[in-house]
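# Results of the structural survey
The primary structure of each chain is shown beneath.
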Amino acid sequence: MPPLPPPFGFEDLFDNAPCGYLTLGPDGRIEMVNATLLGWVGRTREELVGRKVPELLNVAGRIFYETHFAPLLRMQGFLNEIALDLKTSEGKRRAVLANAVERRQADGRTVATYVVLFPASERRRYERDLVEARAAAERASKELAAFNKTLGERIEAAVAERVEAEAGLLAERETAELREQFIAVLGHDLRNPLASISAAARVLLREPLSERGVRVLALMQGSVTRMAGLIDNVLDFARGRLGGGIGLVCDADEPLESVLIQVVDELRAGAPDRLINTEFSLTEPVFCDRSRIGQLVSNLLGNALTYGAIDEPVRVQAFTEAGALEISVANGGQPISEESFLNLFQPFFRGKVLGSQQGLGLGLHIASEIAKAHGGTISVVSDQIETRFTFRMQTAGPQRS
Amino acid sequence: MSITARNNINIKGSGSRTIVFAHGFGCDQNMWRLVSPAFEGEFRTILYDHVGAGGSDLSAYVPEKYATLSGYADDLVEIGETFGLKNAIFVGHSVSSMIGVLASLKAPGMFGSLVLVGPSPSYINRDDYIGGFSRGDIEELLESLDDNYLGWSAAMAPAIIGNPDRPELGEELTNSFCRTDPDIAKAFARVTFTSDNRADLLNVTARTLILQCREDIIASEDVGNFVHRTIPGSRLVLLNATGHCPNLSAPDEVIAAIRDFV
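A tally of helices and strands in chain A yields 10 helices and 10 strands. Expressed as a percentage of the 401 residues in chain A, the buried residues total 28%. Taking as baseline every contact in chain A between residues at least 6 positions apart, the subset at least 24 positions apart corresponds to 60%.

Each helix and strand in chain B was counted, giving 11 helices and 7 strands. Expressed as a percentage of its 262 residues, the buried residues of chain B come to 50%. In chain B, the share of contacts with a sequence separation of at least 24, taken over all contacts with a separation of at least 6, comes to 73%.

A separate point is helix 7 (residues 257–270) of chain A. End to end, helix 7 of chain A covers 20 Å across 14 residues, agreeing with the expected 20 Å (1.5 Å per residue, within 8%). Of the residues making up helix 7 of chain A, those classed as buried are Leu260, Val263, Val264, Glu266, Leu267, Arg268 and Gly270 of chain A.

Attention now goes to the sheet that holds strand 3 (residues 78–87) of chain A. Residues and elements named next belong to chain A. Strand order in the open sheet formed by 5 strands is 2-1-5-4-3, with antiparallel pairing between adjacent strands. The open sheet is flanked by strand 2 (30–33) and strand 3, the only strands paired with a single partner. On average, each strand axis in the sheet is tilted by 25° relative to the strand beside it, whichever way the strands run. Alignment of strand 1 (residues 20–24) against strand 2, held across 3 bridges, turns out to be antiparallel.

This part takes up the interface of chain A and chain B. Counting from both sides, the interface comprises 26 residues of chain A and, opposite them, 28 residues of chain B. Among the elements of the structure, helix 4 (59–76), strand 3 and helix 5 (121–205) of chain A are those that each provide at least two residues to the side of chain A that touches chain B. Counting residues per element, the side of chain A that touches chain B draws most heavily on helix 4 of chain A, at 14 residues. Class assignment of the residues belonging to the side of chain A that touches chain B gives a composition of 13 nonpolar, 5 polar and 8 charged.

Residues and elements named next belong to chain B. When you tally the buried positions in strand 2 (residues 17–22), you get 5 out of 6 residues, the bulk of the element. Bridge count for strand 2 against strand 3 (residues 43–48) is 6 bridges, and the pairing is parallel. In the sheet register, Ile19 faces strand 3, and the bridge partner there is Thr45. The sheet contact formed by strand 2 and strand 4 (residues 88–93) spans 4 bridges and is parallel. Residue pairing for strand 4: Phe21 is matched across the bridge by Val91.

It is worth spelling out the packing of helix 7 of chain A against helix 8 (residues 290–307) of chain A at this point. Residues and elements named next belong to chain A. Across the interface, helix 7 lies against helix 8 with an axial gap of 9 Å and an inter-helix angle of 35°. Our pair here, helix 7 against helix 8, has a crossing hand that is right-handed. Facing helix 7, whose interface residues are Val259, Leu260, Gln262, Val263, Val264 and Leu267, helix 8 presents Arg290, Ile293, Gly294, Val297, Ser298, Leu301, Gly302 and Leu305.

Pairs of packed helices are described in terms of their axes, by the angle between the two and the distance that separates them. Residues and elements named next belong to chain B. With their axes 8 Å apart at the nearest point, helix 2 (residues 69–82) and helix 3 (residues 95–106) run at an angle of 65° to one another. Seen from above, helix 2 lies across helix 3 with right-handed handedness. Packed against helix 2, whose contacting residues are Leu69, Ser70, Tyr72, Ala73, Leu76 and Val77, the element helix 3 presents Met98, Ile99, Gly100, Leu102, Ala103 and Lys106 at the interface.

It is worth spelling out the confidence of the model for chain B at this point. All names here are of chain B. Chain-level statistics for chain B give a pLDDT mean of 85 and a share of 86% at 70 or above. A low-confidence stretch, residues 149–173 stays under pLDDT 50, and its non-local contacts, those more than four residues away or across chains, total 29 contacts. For this predicted complex, the interface confidence reaches an ipTM of 0.80, while the overall pTM sits at 0.58.

As a further point, take the nonpolar core. Val91, Ile99 and Val115 of chain B are the most contacted members of the largest nonpolar core, which has 98 residues in total. In terms of residues, this core owes the most to one element, helix 4 of chain A, which gives 10 residues. Ignoring sequence-local partners within four residues, the contact set of Ile99 of chain B consists of Ala22, Leu69, Tyr72, Ala73, Leu76 and Gly92 of chain B. Judged by nonpolar contacts, the second largest core, of 37 residues, contains Ala238, Val263, Val314 and Met393 of chain A.

This paragraph deals with the sheet that holds strand 4 of chain B. Residue and element names in this part refer to chain B. In space, the 7 strands of this open sheet follow the order 1-3-2-4-5-6-7, with mixed pairing throughout. With partners counted over all chains shown, the strands left at the sheet margins are strand 1 (10–13) and strand 7 (235–242), one partner each. Ignoring strand direction, the axes of neighbouring strands in this sheet form an average angle of 20°. Of the strand pairs in this sheet, strand 5 (residues 111–117) and strand 6 (residues 207–214) are connected by 5 bridges, and their pairing is parallel. When the sheet's bridge partners are listed, Val117 is paired in strand 6 with Leu211. Running at roughly 165° to strand 5, helix 3 makes contact with strand 2, strand 4 and strand 5 of the sheet.

Turning our eyes to something else, we now look at unusual backbone geometry. Residues and elements named next belong to chain B. Here the phi dihedral of Asp127 falls at roughly 50°; this positive angle occurs in a residue that is not glycine. Within the secondary structure, Asp127 is located in the loop between strand 5 and helix 4 (135–146). Note on Asp127: 5 C-beta atoms within 10 Å, which makes it exposed. If you check the backbone angles, Glu215 has positive phi at about 50° while not being a glycine.

Our focus in this paragraph is helix 4 of chain A. All names here are of chain A. Helix length check: helix 4 (18 residues) gives 25 Å between terminal C-alpha atoms against 26 Å at 1.5 Å per residue, within 8%. Of all the bends in helix 4, the greatest measures close to 45° and is centred on Tyr65. Of all 18 residues in helix 4, 17 are buried; the element is thus mostly enclosed.

Before going further, it helps to examine the pairing of strand 4 (residues 93–104) of chain A. Residue and element names in this part refer to chain A. Bridge count for strand 3 against strand 4 is 8 bridges, and the pairing is antiparallel. Considered in strand 4, the bridge of Leu86 is made with Arg94. The turn linking strand 3 back onto strand 4 is made up of 5 residues, and Gly91 within it adopts a positive phi angle of 85°. Summarising the sheet, strand 4 and strand 5 (residues 110–119) pair through 9 bridges and their orientation is antiparallel. Each residue of the ladder has a partner; that of Ala98, found in strand 5, is Leu117.

Residue and element names in this part refer to chain B. Examined against the element boundaries, Leu142 turns out to sit in helix 4. Separated by 46 residues in sequence, Leu142 and Phe188 have C-alpha atoms that sit 9.9 Å apart. Setting aside residues up to four positions removed in sequence, Leu142 forms contacts with Lys186, Ala189 and Arg190.

Rules behind the numbers
- Residues numbered from 1 in each chain as written.
- Chains lettered and ligands numbered in written order.
- Predicted model: local features only at pLDDT ≥ 70, side-chain atom pairs only at ≥ 80, totals over all residues.
- Helix = DSSP H or I, 4+ residues; strand = E, 2+ residues; numbered from the N terminus.
- Buried ≥ 20, exposed ≤ 12 C-beta atoms within 10 Å, placed from the backbone.
- Contact = placed C-beta atoms within 7 Å.
- Expected span 1.5 Å × (residues − 1).
- Pairing = 2+ DSSP bridges.
- Axes fitted to C-alpha atoms, helices over the stretch in contact; angles between N-to-C directions.
- Nonpolar A, V, L, I, M, F, W, Y, C, P; charged D, E, K, R; others polar.
- Left-handed = near helix turned anticlockwise from the far one by under 90°.
- pLDDT = per-residue confidence, 0-100.
- Core = buried A, V, L, I, M, F, W, Y, C linked by C-beta atoms within 7 Å.
- Bend = angle between axes of the 7 residues up to and from the residue.

If you want it as structure tokens, here you go:
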């Protein structure tokens, strides 16, 4: 090996190497120590020679040295990358990585041990970060697992609830469909015998009859009308619920007034002892489904006769003005109660009324549906003087969007 | 799972009597590689690794069980029962000295003789007993184990080699004899350095030999003398060896002392 140029030499190579360097005797005591290491720990050569490595370490390092470093070195003759903390004269710690190798004689006896120490503060910090990161990851993973567990449980519960609800909903929907189909079929089947009764009554009217007979026939006609109205309502309701909606066939070709007169006459026939005053002033043509408007008025008038005071007249007014149609039906008697007001137009809502007059509670609902279909409204005013339902629509008919 | 696999038990030699060698905190049964062969001619030798160390089955490590030395002593008793040990010789290094003491109390007659190498019933100073370490020292040790030390290189080696299918390549490179799972190492350090078995020493009835090193900072001569005074009828031999591992640094002296005792 070529000699190093003066003033350097192997002594300098040892002393000022960029690592700490120690040699240990067979008894493990320090024999040589380089200047680099002395500088790190702030000790003199005299202080360290003859001492043992554990004396340079903190307590944990000493235990570690005795339980790992020394036995490992004995067993495999070398060790690499062992992390140690050196204790400096100022009481500070200096993180190093140690490599060591034993020099043995032929008989296996250790003559010397060479130890090099590399500064490892940065690496130690990095390792600590890794350990912390791993701990954080483990914590996060535990939290995630716990979260997943509860999430799984929550999803399971929600799914079960949903399945149950859907099963219930499905059953309910099936029941509702069946019910509405039943109503539709029933309504349809009821119309035929009713038409026969109505026809039979008309035939009878042409026969010579007693005064009482005429009166009974009039009552029969009224009942038939009422019945027909009920069936219409039921059918419309069922059809609306089945998705068909209220169908309109609109035109402005015929006058509306004759339809209104016919409706009033029909109901008048069914309630011969009630007074129904009419006041019609339909000067503009109205684009509408006349039979539907007739149904609407029939429903309103039917209601007025049912709920209004018997000794007071029912007033039906219809007029057109400035492109608007207004039809109102008013009756006297008890005003509509506040709680009833909210539900007036709900299907199957019925006011308080005596026995046989009880309807299905569809009349106002169908009337409001017809009004809506015409782009119109039905409003109600009810006080001690009168209860008045007013239907309003544009004479131009429903606005198509 | 067999106890043999669980504790990586290796049986050698033959003879009417059996010597069980148990390693201490730090490494594994390799600690006895310079000592146990000397007895194979006259004795059956059993070497094993504590669960969590060396070649033991890490999956058998139950933190609750191994949170006390008693858990380790139970394993030793199971090993004794499995191999039908009666009046056997137990040689324990470091913390295994106390594990042997506890096993001898749990299973009277199993071990007729105990050889305690560098024993300490308590590493922590308590009252007027001087174990050598303050509680703070031990806390510092446990904290430093968080920095992984050897566990670091053990954990990293296979990755560095980059050949996980052939872990044996990694083993050749690293400090494999002391490799252990870092979490288990820390738990073992805790149970080792925080236990207090001073009271158990009084109940020992087996013949007992204490091998004490000089300049042992883990288990000082004072501690060795305390063990000697406390175990009735025990014998103490002060070795010329220094440090905590005479089984490696002075195997001949250890062999001679054990042979003389048995």
